[in-house]
Structure formats: C-alpha cells, structure tokens
Amino acid sequence: MSQEAKPGPGPEPVGEVLGQSVPKPDAREKVTGRAVYTDDLDLPGMLHGALLGSPHPHARILSYDTSRARALPGVRAVLTAEDLPPIDIGPVIKDQPLLARGKVRYAGEPVAAVAAVDVATARKALGLIDIRYEVLPSVLDVEAALRPDAPVIHAPREPGQHPNLATRIRLVEGEPDRVWERCDAIVEDVYETPAQQHIYLEPCSTVAVVDPDTGRITIHTSTQTAFRVQAITAEALAVPMSRIRVLVPRVGGAFGGKVESTNQPITVALAKAAGAPVKLTYSRTDDMQMMRSRHAARIHMRTGATRDGRILARQVRIQYDTGAYADDGPFVAAIGSYFARGPYRIPHVEVETLSIYTNKLRAGAFRGFGNPQVHFASEVQVDRLADALGMDPLELRLRNALETGEKWLGGAPVESGTLRACLERAREVSDWHRRRERAPAPSPGKRRGIGVAAVGHVSALLGSSATVRLNEDGTVNVSTGAVDTGQGSDTALAQVAAGALGLSLEQINFSRPDTDTSPYDWCTGGTRTTFTVGHVITEACRQVREQLFEHASAMLDRPVKKLELRPGGIVGVRGEPGLSVSFGAIAGRSLYVEGGPIIASSRYLFPSWQLDTRRTSVEGLPSMGNGFFVFAAQVAEVEVDELTGKVELLEAWSVHDVGRVINPAAAEGQVQGGFVQGLGYALTEELVWKDGHLVNPTMGGYKVPGALDVPTAIHAVLLEHAAGPGPFGAKGVAEAGVVGVAPAICNAIRNATGASVRQIPATGERVLRALLAREEAGST
C-alpha cells in the first residue's frame, strides 16, 4: 500500500519510547572503533586516488603533459578534463566541471586525478604532471568583482548583467522609500561575516567499483544524500541513473559540506579508467582547499523605528561571495533574502541580494544556509536600535516578534509563532535583568556583559518517503533514504516508528541508505530529517496499524473500532484486557493466509513557497521549496579583556521551541553543538586568503574552538509547542542552534564595553579596534 502523507502531527504515541533519552544504537561501535566509515573499506585489487590542485587562483590552461606520471610504476590511471565528458554541473547554474576545463578559477581547484597502487605513489605521480598555464588577473573581493573592469571569471550568461554576478534577487514590501521620515530612530551599518569551513571529523571519501561484466557502478561514500550523489554522478559522467548504486556507510559529520560534491564522479571516472576499484579520500588540507565553505558576506543594513519601539522600515543589500562556482549560492541568496527582515513584523522592507563570483573556493550549503550571515547583521542592528530608543533590547524584540497567523516576508504564513515564548523563557533562565547591570569583573581591565539574539529559521524542505514492513516475528523494518551523519537521526526516527506502533527500539530495524532498495529522500539537511522523514514514517505506520487492525478484527472476532494498540507489539480489545493478539501472529496470518506481508509506504513534499505578489514585489528568486518556521532565543554572557581584546564566553542559554521532544539528550546535543559551532564563527574561525591562496588550510592554522574555549555551562532549554506536520508535532532544531550565536556574543561585547563589533570573527585585534573607535567617537 502506498499513500501520500497528509499534514498533521499524527496520533499520540504508544508506549514509553518517545520522549526518552535512549542511547544511539551505533554509540558503542563508534567509541570502540568498530564503526565502518568509507575510508575503512578495503576491497580486493583496490587502487588509491589523489587530486592535483591548481597553483593559481585564475589562469588559462595551455597544455597538459601526463606522460611522466603515466610511466611511473604503480600508476594505473591519469585523468584531466580532456578524458571526461565536456559536461558542467551545478544545482542551479551549470558552471562547474569535474576537473578544470579551459581555465582554473581558484587556487586548489582539481586539475588532474591519479589512481595508483597506494596513496604515496598517487601523490608522487601528481608531481610528475606538467601543466602549462597563462596566469590571469584574479579578483577576491565582492565589490571589486562587480567593477566594470573586473577580471571575468565565467562567460556572461545574460545580456546586460555583469558576468561575475551569479544571481540577483530583489524583494519589496510596503513603501520603504516613503516611510523613513516617520522613523524616530534610524541605524545604518555595514556588517561582514567570514568564510567558515565545515570541519567535519571525517574528510570526504569515496570508494567506486565498476563491474567489469555489466559496467554497473557501485559507490560507497561519505555523503548527506545517496540520491543526490546518484543524480550528480549520472549527470557528470553521462551515465543512466539505473546504472549507479550508492551506499552510505557511517558518516563522520557533514553540516552541509557533503551535499553537492565532485568527489564521487571523479572517483568513478578513475575506477572506469583503471579497470579496478578506487578509493579517493581527501587529506584535511585537500578537503579544506577543494570542497566548499560557508559564504562570506557583506551586508549593508538600515533599520528605522518609532519612539514606542515599533520597527517600521528596513533596507538591506546582501553580497554573498559564492566563490569560483555558483554551487548552492542562488539558494543561499534566496534564504538570505527571506530572512533579511528577521523574525519581526516590519511593514516596509526592501531587500537586494547578490550572489557574486570571485576567484576563491566555492561556497555552498552550511548549517543555517545563508541565515547566520543575515541574522548577524539584523540582530546586532536591533541592539543598536534599542540603544537609540533607550529601550531594553530584549523588550524591543518582544514588541516586534511575529505571532501565529502573521505573515513572513513574502507572505508565507507563520503557523506556530513562538518567538515570544522563547524570548520570555530566555529572559527568565538567564536572569537577564540582573546580569544586564554589569556585575564587576574579577580583575581590573576586564568587563562582563550579556547579549541576546532572536532566531527564526525553517525546518522541512522538499521531499521524503519511507516504507514500513512487518516481519514474521512481529518486528518492523523501517526503510528511508535519509542519512544519519552523526546527529542521531536514525535513533530519533526509530523512536518515531516505535512510538507510532507501540514497540520497543529493539523491535525496530532501521535500514541504511541504498539507492537500489531505499525509498527516495532528497537530503539530510535543511533541519528536515526528523521533521519530514519522521512525518512519512508516522504516516506509513498509520497505514500498517490499519492493516494490523483489519487482521486482528478477523482473528479476535471484534470490530475494528473496538481495537487498540498495546505496548510491546500487541493489538487488544478495549474493555477486554485478556483478549489480544500479537504482531507476530498477525504477520503469520498476512503471510500464510493472504500471501503477502503487511507493508506500507508514504511520501511527502512540503508545499512550495507561495509568494503573495499582491504584497511583495519579487525579482530573480530561484524556485525552491518552503519550510515550517521555527523559533529560538540565544543569550550569551562574555568577559572582555580591554588590554588584549580577548573575549571569553562565560555562560550561554539557548532556548528552542522543538514542538515535541523525540529524544531529549539528542536534541540538547544538537543545541549545544550548534552553539559551539556558532562560537567558532563568532570568535575564531575564518578562512584567510593571500594573493588568491588559502593560507590556513590546516587544523593548525584554522582555529576551531577547543575544550578550553567552550564553557561547561551551555544551557539547552527545550520548549514544546507541538504543531505542524512533523511527527507528533515535532519541529526541527539542528540549524537554528547556530544562527543567533554570533550576534548574541557581539551584543554581549557591546553591553560589556560599549564597543560595536560589526565584523566577525571578533578577534582580539578587531575588538581592540572597536574599543578604539568607541573612544574616538566619545572624544569628538
């Protein structure tokens, strides 16, 4: 039976599994080292791959000479763009070859690939490849990239549009040009956010096998999406999708970095050329230089309010640095546009968002997907606006917070507007008013402050499906294409199935993604897995329950309406505690009386954004899915050393409306992990280029917060306002945990010192500059 899932939180769960902090089933194998990741695979006759990166940020390729590399003993294949189909790929703009073709557009861009008997030989062969280049001028700044005389990175796509402009979006609501004179306070600034690297524990890795008899391709890979890998590989190599099978072993983190990737098709091309299985695992440096980053952004924002604290108007210009290739840049720009108003009712808004090519590493999906950048600008500016109005910044947010039934920018409905509840809870748990009094620091030259950020984000996006099948022994198989990247979604989804059918976790078998057998799932990303996949699992379980009741009715000689689920895999009769039948007995009847298993499938596509063109003028917006709005409030207390500019996070509170808690420990871990990732974004993490070359592509040069940088007191506070189509009213939480951290910390710095930090990371040098600017402004 297959049925399209319908919106709704579903029935109340049966048993006690849902809402419990059950341990992850894969926890023991991971901590003991028995978990099998892609790089752990070792197939007979397997070769090892390596990639040669460009030494130039922008250059024309004049010629290749691979003869010396091919002659090296142990080398089995050497590839350049001349050996591959002349196909460019990309989720929106088809602009990226697997290996640089014609010219290179960023330093580190893969130019050639080698397969050899071991990694050392493959890397030695890279040094024997001779490529002649004509070096071209490069551009590394978004403003410079749009100048009339800027170096052209890609051929122009549209007449009259600057060739380095990948996309331009414009949204207008109300009459933003006519209301500024009605504002009693106006704040205007430019904000900058950095390119941030994902730093997942497991670098990208793929093992590709091509069957010598049938030519069928099998890919084992560390990815967030088996089906996107299948589609991208088929497109890039001009191979029918039916000839490609993708399997996903354990995945050691992703955060958006393992969605759109050339790693898999390059590995397949090497395997086809070598006639043997090939493994391509990036070193950490290669991963940082060749994969993708968060979009750096420059944001000009102007916000005006009346003296009673009503935010009236906002004007925003966002410039996202998408790097050398568009990748997910157009979608990131779309999300940035939608969230530029913030989670507030601002009637007059004008937003222009640009996605701009530069000669830097391509930028793509990263936890928050364009929202952390614009939230940083918005939430820092709201604090400045509160100062200008003489208001408490948390109170200003409460006065303007969107409520249930109101409209988001563009007209999408806010179906569960719980920002006010999150802010009020954050005020309570952080003891906001007392801490805002600036308690004296423990030593001279140090100041303490507290800051807040309101967060609006989305969960859901695009499509998922699931199949639930009852086994002969009464246990249940659950199959989806969703990938557990380490966040524990397999556990949460198993809990959803167990709760829907009244089973224990031991009675749920959760299959790993396999494009040959798993139902389709778009991607583990967009805060969507528990929400969307959980929804289709709940619906499939509902269908299974209907079949169980039909069989049990015949077996117990009672009408369906008198039956009930009981914990442990039992269908009983209400009012007759001694009359029941087990799932196993029902499964036997379905197999041996009717000749087939009890099985159900469900699919669901979250409705696309329906822009209300009566209220919003729209230009250049790419077609994309919608999401269910979720809300949070984040508070940070910091200590600032006025001598060195060093900022230390002392304590944090992150309040999230999760709808309904599936697994409290996992949800709290998501919130705390997101806060730590946001802490790095706020204070230490930044990819740095010099003359077009990435100068810190190592864990030594790229500063991720360590154990000593993270306070033990990061309080995850989970509110439960069940609503929407998520399982049992659950909402997504993963991305929202990172979105408001940087502005909360920078607002705390301002509360402590009076200095405004408008560029992150807020390094000691930048904080000292802000302190100096405050002093200079005070003396004039």
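Above this text is the structure in question.
So, how was this worked out
- Residues numbered from 1 in each chain as written.
- Predicted model: local features only at pLDDT ≥ 70, side-chain atom pairs only at ≥ 80, totals over all residues.
- Heavy atoms only, no water.
- Helix = DSSP H or I, 4+ residues; strand = E, 2+ residues; numbered from the N terminus.
- Rg over C-alpha atoms; globule rule 2.2 N^0.38 Å.
- Buried < 20%, exposed > 50% of the residue type's maximum accessible area, 1.4 Å probe, protein only.
- Contact = heavy atoms within 4.5 Å.
- Areas by Shrake-Rupley, 256 points an atom, 1.4 Å probe, with all protein chains shown as cover.
- Lys, Arg positive; Asp, Glu negative; His and termini not counted.
- Charge placed at Lys NZ, Arg CZ, Asp CG, Glu CD.
- Pairing = 2+ DSSP bridges.
- Axes fitted to C-alpha atoms, helices over the stretch in contact; angles between N-to-C directions.
- Arc of directions from axis to C-beta.
- Salt bridge = Lys/Arg side-chain N within 4 Å of Asp/Glu carboxyl O.
- Polar contact = N/O pair within 3.5 Å; in protein donor to acceptor, adjacent residues only side chain to side chain.
- Core = buried A, V, L, I, M, F, W, Y, C linked by side-chain atoms within 4.5 Å.
- Phe/Tyr/Trp six-rings, centres within 6.5 Å; stacked < 30°, edge-to-face > 60°.

Draft legend 1. Representation of the overall build of the chain within the structure. A tally of helices and strands in the chain yields 19 helices and 30 strands. Radius of gyration (C-alpha) of the chain: 27 Å, near the 28 Å computed for a compact globule of 780 residues. Dimensions of the chain, computed from C-alpha atoms along their principal axes, come out at roughly 90 × 70 × 55 Å. By the burial criterion, 61% of the 780 residues in the chain qualify as buried. Pairs at least 24 apart in sequence give 80% of the contacts found in the chain among residues at least 6 apart. For the chain, the accessible area works out to roughly 28,200 Å², and carbon and sulfur atoms hold 50% of it. Here the chain contributes 82 positively and 88 negatively charged side chains, and the mean placements of these two sets differ by 1 Å.

Draft legend 2. Main features of the sheet that holds strand E30 (residues 714-719). Pairing is mixed across the open sheet formed by 4 strands, whose spatial order is E17-E26-E27-E30. If you trace the sheet from one side to the other, it starts and ends with strand E17 (446-459) and E30, each paired once. Between one strand and the next, the sheet's axes are offset by a mean angle of 15 degrees, whatever the strand orientation. Two elements, strand E27 (residues 647-657) and E30, share 6 bridges in a ladder whose sense is parallel. By the bridge assignment, Ala652 is partnered in E30 with Ile714. In the packing of helix H11 (residues 419-429) onto the sheet, contacts are made with E17, strand E26 (628-641), E27 and E30, and the angle to E26 comes to roughly 25 degrees. Helix H16 (residues 664-683) rests against E26, E27 and E30 of the sheet, and its axis sits at about 130 degrees to E30.

Draft legend 3. Looking closely at helix H3 (residues 119-126). Residues of H3 that are buried: Thr121, Ala122, Ala125 and Leu126. Looking straight down H3, one finds that the buried residues subtend no more than 145 degrees of arc, so they occupy a single side. H3 presents Ala120 and Lys124 as exposed residues on the side facing more than 90 degrees away from its buried surface. Buried residues along H3 sit against strand E2 (47-53), helix H2 (67-71), strand E4 (75-79) and strand E6 (110-116).

Draft legend 4. The pattern of salt bridges, seen in detail. Applying the stated criterion to the full structure yields 54 salt bridges. Salt-bridge contacts for Glu134 lead to Arg60; the nearest nitrogen and oxygen are separated by 3.0 Å. With Glu134 in strand E7 (residues 130-135) and Arg60 in strand E3 (residues 59-65), this residue pair connects regions lying 74 residues apart in the sequence. The class for Arg60 is partly exposed, based on a relative accessible area of 36%. For Glu642, the salt bridge identified is with Arg447, shortest N-O distance 3.1 Å. Of this pair, Glu642 sits in the loop between E26 and E27 while Arg447 sits in strand E17, and the two are 195 residues apart along the sequence. When its relative accessible area of 39% is taken as the criterion, Arg447 is described as partly exposed. Within the structure, one salt-bridge network assembled from shared partners comprises Asp26, Glu29, Lys30 and Arg250.

Draft legend 5. The arrangement of the pairing of E17 in detail. Buried residues dominate E17, accounting for 11 of its 14 residues. Looking at chain direction, E17 and E26 are connected through 14 bridges and run antiparallel. Residue pairing across strands places Gly451 opposite Ala636, the latter belonging to E26.

Draft legend 6. Molecular detail of the side chain of His457. You can see His457 is positioned in strand E17. Under the relative-accessibility criterion, His457 is labelled buried at 2%. There is a polar contact of 2.8 Å between the side chain of His457 and the side chain of Asn371. When sequence neighbours within four positions are dropped, the list of residues in contact with His457 reads Phe339, Gly368, Asn371, Thr527, Phe628, Phe629, Val630, Glu735, Ala736 and Val739.

Draft legend 7. Representation of the environment of Arg132 within the structure. Assignment of secondary structure puts Arg132 in strand E7. In this structure, the C-alpha to C-alpha distance between Arg132 and Val544, residues 412 residues apart in sequence, is 63 Å. Setting aside residues no more than four positions away along its own chain, Arg132 makes contact with Arg60, Ile61, Leu62 and Ser63.

Draft legend 8. Highlighting the nonpolar core. One finds Trp408, Ile745 and Ile749 to be the most contacted residues of the largest nonpolar core, which totals 89 residues. With residues up to four places along the chain from it excluded, the contact list for Ile745 reads Ala636, Val638, Leu679, Ala682 and Leu683. Val476, Ala497, Ile586 and Ala730 belong to the second largest nonpolar core, which has 50 residues in total.

Draft legend 9. Structural detail: the packing of aromatic side chains. Tallied over the full model, the rule gives 7 aromatic pairs. With centroids separated by 6.2 Å and ring planes inclined at 90 degrees, the aromatic side chains of Tyr191 and Phe376 adopt a geometry described as edge-to-face. Taken together, the residues span a long stretch of sequence, with Tyr191 in strand E9 (residues 185-193) and Phe376 in helix H9 (residues 371-389) at a distance of 185 residues. The buried category is assigned to Phe376, whose relative accessible area is 0%.

Draft legend 10. Spatial organisation of the sheet that holds strand E12 (residues 244-247). The 7 strands are arranged E4-E6-E2-E13-E10-E11-E12 in an open sheet whose pairing can be described as mixed. Two strands in the sheet have a free side with no partner beyond their single neighbour: E4 and E12. Between one strand and the next, the sheet's axes are offset by a mean angle of 20 degrees, whatever the strand orientation. As paired elements, E4 and E6 share 4 bridges and run antiparallel to each other. The residue of E6 that forms the bridge with Leu79 is Ala113. Contacts between helix H5 (residues 226-237) and the sheet are confined to strand E11 (217-221) and E12, with E12 contributing the most and set at about 145 degrees to the helix. Sitting on the sheet, helix H6 (residues 263-274) is in contact with E2, E4, E6, strand E10 (205-210), E11 and strand E13 (278-281), with an inclination near 35 degrees to E10.

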